[in-house]
Amino acid sequence: MINLSSIPYDKHVLIAGPTASGKSEFALKIAQQQGGIIVNADASQVYSCWRLLTARPTVDMEAKCPHKLFGHILWSEAYSVGHWLRELAPLLSTNKRLIIVGGTGLYFSALVEGLNDIPSIPLNVRKYANCLTHSRMLSELDPLTIKQIDTKNRARVQRAWEVNYATGKSLSVWQSAKPTPLLPLKSVTALLINAPRDWLSLQILKRFDLMIENGVIDEVSHMISLYNPHLPAFKPIGLLELMAFTKGEISFNCARERIHIATCQFAKRQQTWFRKRMSDWHFANTKNLCLTERT
């Protein structure tokens, strides 16, 4: 058992975990007790239009210690793991301790394992891919790529399809020869939040009700006229259901239930991915801030 005070002060900290597992609060406690800059590693929390919907740290939390790469991208802009790594690199060069927290496993794997510099996808290829069905694109991917990505996530499937179509090489081939990582795993304290399913399901409901109380309906309403299903800014879980409620197409209870189910399913996929790709990380229990060696 490792307690909070045992976390080295001179190492960067990585905190990964499923949605609603208390990552932001955990990161803040470490920063307040030990110092450090909190850096976002969540693909949805980079967008300025969504604070409540994506459960970004609150204004009060951000005032307690420095936060970086949160809410700094416009809804109309594309953003990828490559963009994130390029923005993270200057923060690493400052020699200040970073506490990197989020639920996007691909960001963490790219950080500690390295990421190939895949050529940019031409706009005409992206437009063509936007018109294809999820199943069509999935059927044209190689088995190894299918094994490596979340096949239920259209954005991941489309990205893999675009890379294969535009470059003539599959995503799995590109990823098989990775460059030197920005932060090798052995150089950091890597923590993976342990979140039992029943507990997490309850936390997801509590968080949603708090979102409603704080005004997420207004946040969504302001963006309805700008909605574009092909932009990554419009991928957060719950957006479509809250839009449908706002338009009077479904009841609030229906929206709440659908969002709860979708969020639990997403959390399950996250945890499956973490178990496969983060076997060398420490388990972290946010309830008592204790860490246990993974077995």
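The structure presented is a predicted model; accordingly, all values stated were derived computationally and were not measured.

### A look at the confidence of the model for the chain
On average, the chain scores 92 in pLDDT, and the residues at 70 or more come to 95%. Between residues 291–295, whose pLDDT stays under 50, and residues either more than four places distant or in other chains, the model counts 19 contacts.

### Describing the nonpolar core
Among the nonpolar cores identified, the biggest contains 46 residues, and Leu14, Trp50, Trp84, Leu88, Ile100 and Leu111 are the most heavily contacted of them. Looking at this core element by element, the count peaks at six residues for helix α3 (residues 81–92). Those residues within four positions of tryptophan 84 in sequence are excluded, and the remaining contacts are Asn40, Ala41, Leu69, Tyr79, Ile100, Tyr107 and Leu111. With 18 residues, the next largest nonpolar core counts Val13, Ile15, Val101 and Ile193 among its residues.

### Here's the deal with the pattern of salt bridges
Throughout the structure, instances matching the rule amount to six salt bridges. For aspartate 150, the salt bridge is made with arginine 269, and the minimal N-O distance between the two is 3.2 Å. With aspartate 150 in the loop between α7 (143–148) and α8 (154–167) and arginine 269 in helix α13 (residues 252–277), the pair connects residues that are 119 residues apart, well separated along the chain. The partly exposed category is assigned to aspartate 150, whose relative accessible area is 21%. In this structure, aspartate 209 engages arginine 256 in a salt bridge whose closest nitrogen and oxygen atoms are separated by 2.9 Å. Taken together, the positions of aspartate 209 in helix α10 (residues 197–214) and arginine 256 in helix α13 put the pair 47 residues apart, joining distant regions of the chain. Under the relative-accessibility criterion, arginine 256 is labelled partly exposed at 25%.

What counts as what
- Residues numbered from 1 in each chain as written.
- Predicted model: local features only at pLDDT ≥ 70, side-chain atom pairs only at ≥ 80, totals over all residues.
- Heavy atoms only, no water.
- pLDDT = per-residue confidence, 0-100.
- Contact = heavy atoms within 4.5 Å.
- Core = buried A, V, L, I, M, F, W, Y, C linked by side-chain atoms within 4.5 Å.
- Buried < 20%, exposed > 50% of the residue type's maximum accessible area, 1.4 Å probe, protein only.
- Helix = DSSP H or I, 4+ residues; strand = E, 2+ residues; numbered from the N terminus.
- Salt bridge = Lys/Arg side-chain N within 4 Å of Asp/Glu carboxyl O.

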